[in-house]
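Structural overview
Read off the chains here:
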Amino acid sequence: MKHYEFCGVSTPTLIYAGPGTREEFDQIALPERVAAWRDDEATTLFKNDGQQWQIQMHSKMLCGDTSDAVIVIFQWPEYRAIEAA
């Protein structure tokens, strides 16, 4: 079980949150958006294992109905290694 938990406030009305596990993310009863796989240079540099790493971000958004409502974006990343070019 991977532990990923985080919370970041980028503006007073925008919060990014990462549940602690994939199971917790899946239990959030909101529609899920899945981004395309893309190269993740930070993970490739950090791991330094000779492989190129990619990330695919899964997101769910909770927002109110007024213009000043707080928006919470829940995110869960998936990583995969591909052979370095």
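Note: the structure precedes this text.
Notes on the structure follow. (Residues numbered from 1 in each chain as written. Predicted model: local features only at pLDDT ≥ 70, side-chain atom pairs only at ≥ 80, totals over all residues. Heavy atoms only, no water.)

We now examine the pairing of strand β1 (residues 6–11). Pairing of β1 with strand β2 (residues 14–18), which is carried by 5 bridges, proceeds in the antiparallel orientation. Pairing of Gly-8 across the sheet is with Tyr-16, part of β2. Between β1 and β2, which pair antiparallel and follow one another directly, the connecting turn spans 2 residues. (Pairing = 2+ DSSP bridges. Helix = DSSP H or I, 4+ residues; strand = E, 2+ residues; numbered from the N terminus.)

Below, the discussion takes up the environment of Glu-5. With respect to the secondary-structure elements, Glu-5 resides in the segment before β1. For the pair formed by Glu-5 and Ala-17, sequence separation is 12 residues and the distance between their alpha carbons is 7.5 Å. Leave out the neighbours within four places in its chain, and Glu-5 touches Gly-18, Pro-19 and Gly-20. (Contact = heavy atoms within 4.5 Å.)

Take the side chain of Thr-43 next. Within the fold, Thr-43 resides in helix α2 (residues 41–47). On the basis of relative accessibility, which here comes to 13%, the residue Thr-43 falls in the buried class. (Buried < 20%, exposed > 50% of the residue type's maximum accessible area, 1.4 Å probe, protein only.)

Applying the stated rule across the entire model yields 3 salt bridges. Note that Arg-22 and Asp-26 form a salt bridge whose closest N and O atoms lie 2.9 Å from each other. In this pair, Arg-22 and Asp-26 both sit in helix α1 (residues 22–27), 4 residues apart, roughly one turn of the helix. When its relative accessible area of 23% is taken as the criterion, Arg-22 is described as partly exposed. Note on Asp-26: relative accessible area 42%, which makes it partly exposed. The closest approach of N and O atoms between Glu-78 and Arg-22, which form a salt bridge, is 3.6 Å. With Glu-78 in strand β6 (residues 71–83) and Arg-22 in helix α1, this pair connects stretches of sequence that are 56 residues apart. The exposure class assigned to Glu-78 is partly exposed, which follows from its relative accessible area of 31%. Through salt bridges with shared partners, a single network forms among Arg-22, Asp-26, Glu-32 and Glu-78. (Salt bridge = Lys/Arg side-chain N within 4 Å of Asp/Glu carboxyl O.)

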